[in-house]
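# Chain and residue survey
So you can see what is in the structure, the chains are spelled out below.
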Amino acid sequence: MYRPLLLFAALLCLASAGRVPRGVPALNNTCLCVPFYNCEDGQLITDGAGLLNPRFGPRDKCTDFNICCNDEQTIKKIEAKPGVDKSVMTTIKDGISELFSGGSKPSVGAGECVCVAFYLCDGGVLSKEIANQVDLRQVSSTGRCNNDNEQCCSLPRSAEPTAPLVPACNCTSRQYCSERDVQPLRLGQVACRSDEVCCSNPQVPTGGSGTGAGGIVPDTERPDYDLWKFCKSYPLSVACVRSRQITGRPTLLPAKNFDPDLDADELNKAIGRWDATDSVLIDILTRRTFEQRYLIAQAYYRKSGRNLADAISSTTRGHFDDLMVALVRNAGYYEYLAEELRDAMHRAGTDEDTVLETLISSTSEEIQIIRRHYSRLSGNPDLIADIKDDFSGDLEDILVALVNGSRDNSFRVSKTLAAEQAAALYQAGEGRLGTEEETFKYYLTHENYAQLALIFSEYEQLARESFAEALEDEFSRHVEDATLAIVEVTRNLPRFLALRLHDALWGRGPLSKDDSSLIRLIVSRAEIDLGTISEEYFTLYGRKLIDDVQLKSTGDYDTALSRLLGGN
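Residues numbered from 1 in each chain as written. Predicted model: local features only at pLDDT ≥ 70, side-chain atom pairs only at ≥ 80, totals over all residues. Heavy atoms only, no water.

## Section: the overall build of the chain
To keep it simple, the criterion reads: Helix and strand definitions here come from DSSP, where helices need a minimum of 4 consecutive H or I residues and strands a minimum of 2 consecutive E residues; each element is numbered from the N-terminal end. Only protein chains enter the accessibility calculation, which uses a 1.4 Å probe; a residue whose area is less than 20% of its type maximum is buried, one above 50% is exposed, and one in between is partly exposed. In this description, contact between two residues means that some pair of their heavy atoms is separated by no more than 4.5 Å. What sets the accessible areas is the Shrake-Rupley method with a 1.4 Å probe; for residues, cover comes only from the shown protein chains.
Along the chain, the regular secondary structure elements total 25 helices and 10 strands. By residue count, 53% of the 568 residues in the chain fall in the buried class. Sequence separation of at least 24 residues holds for 74% of the intrachain contacts in the chain that already meet a minimum separation of 6. As displayed, the chain offers around 25800 Å² of accessible surface, 49% of which is attributable to carbon and sulfur atoms.

See the structure below:
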């Protein structure tokens, strides 16, 4: 009975081989491969700041924390040099200066186009809704973008900034601004530092990145390499989530004309004593956000005297029951993750993958929020106590450091220090017999994400292999998974989560599936970036995520998951 399923899965893989994701701009296969800090808006930085040995060759050979700098004029000059072999990645050592002399730098007017993920750019123009959320520091001066999956998209006329400029943010430390006074970044405003918020009513005089003329810090006063420049090359990094308004595309938006009492009445009719009308549960619960579902659960309790999660659990079965309960048992995203962590560590046999995924895909600030919810839900004084009970050795050290907030939250970087740190890592791993784990653990859990990216790039220049390749086979399975995951989220959080979804669907073979992970990932990310994760899934595997979910699921469970993925 499984033969048709296996055959269909094999045909899917063959049919998808070599496909290019829809909407990705066509690019020349040849690539000028440089560390990401040596390229801005597809233009090589040629002021001598580190551009010593650019490499040239196939685009797919430029990996890890180096990028293809799409400088068309320079690429043409290299291709014209005698003896250049475009089929292999080769370091260019001779004639460097002549490659960068002469020629004009293509440009577009300031503010005319901004680098965004390709699927947000429809016909070359951003919609007004999206344009009002774009961080204008991502404006390209050349009409090109660093990231291959981005396009420079024009702003609609009504969204173009006009004089006078919008008021500058009052950038204030989070501890001096109440939640009700935190304002979203508006079009034309420069973002605050990662440890600050844009505050309408600060309790102390503002400072930091909000000081200066008009409260806006000119680029010349910023560090020479800050979060902004990193996010221009890696906009989907976990580090960029709070600095850039558009980091992902959700598949679930708040329902319009929402009435929790009306929804509660419909659910009360649908949920009987012994069974439920599954279609009603799907129509309501997969179209409401965490906050809206919480309000529905409160209204349901007032009207029926029953807990909604308990009522659903007593009238549904199997994975459909698990999914419906997951949708209604928590008030918000962070509380949901905290409960998933509790379940992962309190079940018979700790679910290491869930713990790693949850903590590594969260910033230090998010981990502290999860930690508070965990203490309330589990009855234990602290998350760290459970980690120490369930883990040991290097993995325990990594997780405890993450939960303790040991990572530097600034985005100050030093290229000189990064080169020294890369050399220390090389000596701790490749340069010696055995691996000195302490050096790896310290840098991966203490350095800020921008500095980590510099270290990874410098390491590749030194070792002539990617940092991810260097980590393979150096640690035990779960420690290796943790270190590789930190590398991946530094570069691209949605890609890491797409890999996790693929493992949940296919990790143990075509007939296996990890439904608990599948439910957790889809429920938790639907309001954040599940659409972006789906695009990354297609880029990686040449298949739509929703098609694979439907292939591996059946009945009402399949229908509910598809709805959360944006299907009809």
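That shown, we press on.
## Observations concerning the confidence of the model for the chain
Put simply, the test is: A score from 0 to 100, pLDDT tells how confident the predictor is in each residue.
Averaged over every residue, the pLDDT of the chain is 78; the share at 70 or more is 74%. Per-element confidence in the chain ranges from a low mean pLDDT of 42 for helix α1 (residues 3-16) to a high of 97 for helix α25 (residues 555-564). Note on residues 101-111: pLDDT under 50 across the span, and 21 contacts to partners over four residues away in sequence or across chains. This model gives residues 204-225 a pLDDT under 50, and the stretch forms 40 contacts once residues within four places in sequence are excluded.

## Considering the state of the cysteines
To keep things clear, this is the line we draw: The definition used for a disulfide is geometric: two cysteine sulfur atoms within 2.5 Å.
As enumerated under the stated definition, the model contains 2 disulfides in all. Between the sulfur atoms of Cys31 and its disulfide mate Cys68 the distance is 2.1 Å. Measuring the twist about the S-S bond at about -110°, one finds the Cys31-Cys68 disulfide to be left-handed. Linking Cys31 in strand β1 (residues 30-35) with Cys68 in strand β5 (residues 66-68), this pair joins segments that are 37 residues apart in sequence. Considered together, Cys31 and Cys68 belong to a single accessibility category, that of buried residues.

## Description of helix α21 (residues 493-506)
The periodicity of an α-helix, 3.6 residues per turn, causes residues three or four positions apart to be oriented the same way. Using the following cut-off: What a helix should span is 1.5 Å times the count of its residues minus one. Polar contacts here mean pairs of N or O atoms no more than 3.5 Å apart (in protein, one a potential hydrogen donor and the other a potential acceptor; neighbouring residues in sequence count only if both atoms are side-chain atoms).
Compared with the 20 Å implied by 1.5 Å per residue over 14 residues, the 20 Å span of α21 between its first and last C-alpha is a close match. With 11 of its 14 residues buried, α21 lies for the most part within the structure. Where α21 begins, one side-chain oxygen reaches toward the backbone nitrogen of Arg495, 2.9 Å away; that side chain belongs to Asn492.

## Side note on the sheet that holds strand β4 (residues 55-58)
Stated precisely, the cut-off is as follows: By the convention used here, strands pair only if DSSP detects at least 2 bridges between them.
The strand order β5-β1-β4-β6 describes an open sheet built from 4 strands, whose pairing is antiparallel. Strands at the two margins of the open sheet, each flanked by one partner only, are β5 and β6 (90-91). The pairing of β1 with β4 spans 4 bridges and is antiparallel. Its bridge partner lying in β4, Thr30 is registered against Pro58.

## Regarding the packing of helix α15 (residues 393-403) against helix α20 (residues 477-491)
Counted only if it meets this: Working convention: axes come from line fits to C-alpha atoms, limited for helices to the stretch in contact. Angles between N-to-C directions cover 0 to 180 degrees. Each residue gets one of three labels, nonpolar for Ala, Val, Leu, Ile, Met, Phe, Trp, Tyr, Cys and Pro, charged for Asp, Glu, Lys and Arg, and polar for the others, Gly among them.
Contact pair α15 / α20: the axes reach a minimum separation of 8 Å and the direction vectors enclose 35°. For the pair α15 and α20, the contacting residues are Asp394, Leu395 and Ile398 in the first and His478, Val479, Ala482, Thr483 and Ile486 in the second. By residue class, the composition of the contact of α15 with α20 is 5 nonpolar, 2 polar and 1 charged.

## Things to note about the pattern of salt bridges
Between side chains of opposite charge, a pair can form as their charged atoms come close. To keep it simple, the criterion reads: Salt bridges are counted wherever a side-chain nitrogen of Lys or Arg sits within 4 Å of a carboxyl oxygen of Asp or Glu.
Under the counting rule described, the total for this entry stands at 27 salt bridges. The salt bridge involving Arg342 is made with Glu339; its shortest N-O contact spans 3.2 Å. With Arg342 and Glu339 both in helix α11 (residues 333-346) and 3 residues apart, the pair spans about one turn of that helix.

## Concerning the packing of aromatic side chains
The condition is simple: Only Phe, Tyr and Trp rings are paired, with Trp represented by its six-membered ring, and only when their centres lie within 6.5 Å; those with planes under 30 degrees apart are stacked, over 60 edge-to-face, the remainder tilted.
Within this structure, the stated rule accounts for 8 aromatic pairs. Arranged with centres 6.0 Å apart and planes meeting at 70°, the rings of Tyr442 and Tyr443 form a pair that is edge-to-face. Through a chain of ring-to-ring contacts, the aromatic side chains of Tyr426, Phe440, Phe456, Tyr459 and Phe467 assemble into a single cluster.

## Re unusual backbone geometry
If you check the backbone angles, Asn257 has positive phi at about 50° while not being a glycine. The residue Asn257 is located in the loop between α5 (227-233) and α6 (260-270) in this model. You can call Asn257 exposed: its relative accessible area is 79%. Unusually for a residue other than glycine, Arg464 sits at a positive phi of about 60°. If you trace the backbone, Arg464 turns up in the loop between α18 (449-463) and α19 (467-471).

## Points about the pairing of β4
Examined bridge by bridge, β4 and β6 share 2 bridges and lie antiparallel to one another. Looking at the pairing, Arg55 lines up with Thr91 of β6.

## Comments concerning the environment of Leu521
Along the polypeptide, Leu521 turns up in helix α22 (residues 515-525). Look at Leu521 and you get buried, because its relative accessible area is 2%. Through-space distance from the C-alpha of Leu521 to that of Arg500 is 8.3 Å; in sequence the pair is 21 residues apart. Look past the residues within four positions of Leu521 in its chain and what remains in contact with it is Glu357, Leu497, Arg500 and Leu501.

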